[in-house]
Amino acid sequence: MELRRFARCDLPGLYRVCLRTGAVGQDATDRYTDPDLLGHLYAGAYPTADPALSWVVRDDRGVAGYLVATADSAAFAAWQEEHWWPELRERYPLPGTGTEDDLRAISTIHAGQPPRTAVLDRYPAHLHIDLLPRAQGSGMGRRLIDAVVTELRARGVPGLHLGVAEANTGAIAFYDRVGFSTESRDDAGRLLVMDLTTA
Ligand SMILES: CC(C)(COP(=O)(O)OP(=O)(O)OC[C@H]1O[C@@H](n2cnc3c(N)ncnc32)[C@H](O)[C@@H]1OP(=O)(O)O)[C@@H](O)C(=O)NCCC(=O)NCCS
């Protein structure tokens, strides 16, 4: 198992892992008719916008995990409006077809994903991290977080945030161990933050 910077040939693997970890950390394959929808929402845009802020974990079976991030969530949302959502909105017209989850994803494509304005000043970066079961529990998650934190600090980014479902207790425990703290909670889950201005 090795950790590498993202290369364009990793993109299909990112989409696979995104789907296979998309149900509160578990395999979401059965929930979607279209296997690409989750990747469109949570994986593909990040390395397309800023490939130097994405990493993959690979072994001889291919991509087994990834971390994707943006340094500036407000600028990223504006970039998505211009470069990411328009093609997808054309490809997936409303009201959409498929399962309930397909329809929810298609409606998100049309609504867009507004940045979390309350934390943008102090924690402008955000990330998504997902590892397949075979890559979990051996320190790869921590190494991925170390990689993004090092890169964001080098860019002078003051902080990092992310959202996690309350039911994803394993991920919440992980984020706590690697230095995130809870900023707020709502029905959608927790907003976690990490201050990058202190060592
Ligand atoms: C959550 C996830 C990224 C953690 O990565 P990982 O490689 O398994 O975690 P690591 O082995 O690097 O563990 C780092 C620390 O977190 C702790 N940890 C990791 N998973 C944990 C769990 N499920 N329960 C309790 N602690 C956990 C480890 O014990 C370790 O603590 P230590 O370093 O203080 O000993 C990974 O399990 C995963 O991708 N899960 C499925 C997808 C998912 O839920 N993604 C998050 C969506 S918000």
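Here the structure is shown first, and the text comes after it.
To keep things clear, this report deals only with the structure shown in the data block.

Cut-off values and rules
- Residues numbered from 1 in each chain as written.
- Predicted model: local features only at pLDDT ≥ 70, side-chain atom pairs only at ≥ 80, totals over all residues.
- Near = placed C-beta within 6 Å.
- Helix = DSSP H or I, 4+ residues; strand = E, 2+ residues; numbered from the N terminus.
- Nonpolar A, V, L, I, M, F, W, Y, C, P; charged D, E, K, R; others polar.
- Buried ≥ 20, exposed ≤ 12 C-beta atoms within 10 Å, placed from the backbone.
- Core = buried A, V, L, I, M, F, W, Y, C linked by C-beta atoms within 7 Å.
- Contact = placed C-beta atoms within 7 Å.
- Pairing = 2+ DSSP bridges.
- Axes fitted to C-alpha atoms, helices over the stretch in contact; angles between N-to-C directions.

### Quick look at the site of the ligand
Step number 1: Lining the immediate environment of the ligand, one finds 20 residues, of which Gly25, Leu131, Gly141, Gly170 and Ala173 sit closest.
Step number 2: Those elements giving two or more residues to the shell around the ligand turn out to be β4 (125–131), α6 (140–154) and α7 (169–177).
Step number 3: Looking at the shell around the ligand element by element, the count peaks at five residues for α7.
Step number 4: Looking at the shell around the ligand residue by residue, the classes come out as eight nonpolar, nine polar and three charged.

### Some words on the environment of Ala75
Step number 1: Assignment of secondary structure puts Ala75 in helix α4 (residues 73–91).
Step number 2: Take Ala75: there are 14 C-beta atoms within 10 Å of it, and that puts it in the partly exposed class.
Step number 3: Sequence separation between Ala75 and Val164 is 89 residues, and the spatial gap between their C-alpha atoms is 22 Å.

### Quick notes on the nonpolar core
Step number 1: Membership of the largest hydrophobic core comes to 56 residues, with the highest contact counts inside it found for Tyr66, Leu67 and Leu127.
Step number 2: In terms of residue count, strand β3 (residues 62–70) provides more of this core than any other element does, six residues in total.
Step number 3: In this view, Tyr66 contacts Leu14, Val17, Ser54, Trp55, Val56, Val57 and Asp130; residues no more than four positions away in its chain are not counted.

### Some remarks on the pairing of strand β6 (residues 181–186)
Step number 1: Within β6, only zero of the six residues are buried, leaving the element largely exposed.
Step number 2: As paired elements, β6 and strand β7 (residues 189–195) share five bridges and run antiparallel to each other. Paired with Thr182 across the two strands is Leu192, which belongs to β7.
Step number 3: Hairpin connection from β6 to β7: two residues lie between these consecutive antiparallel strands.

### Things to note about the sheet that holds β6
Pairing between sheet strands relies on hydrogen bonds along the backbone, with the strands arranged either parallel or antiparallel.
Step number 1: Spatial strand order, β1-β2-β3-β4-β5-β7-β6: seven strands in an open sheet with mixed pairing. A strand with exactly one partner marks an edge of an open sheet, and here the two such strands are β1 (2–5) and β6. The mean angle between the axes of side-by-side strands here comes to 25°, regardless of whether they run parallel or antiparallel.
Step number 2: Against the sheet, helix α1 (residues 11–20) touches β2 (54–59), β3 and β4, its axis set at about 90° to β3.

### Remarks on the pairing of β7
Consecutive residues of a regular strand have side chains that alternate between opposite faces of the sheet.
Step number 1: The buried fraction of β7 amounts to five of the seven residues, a majority that puts the element mostly inside the structure.
Step number 2: Sheet topology note: the strand β5 (residues 159–164)/β7 ladder contains six bridges and is antiparallel. Bridged to Gly159 within β7 is Asp195.

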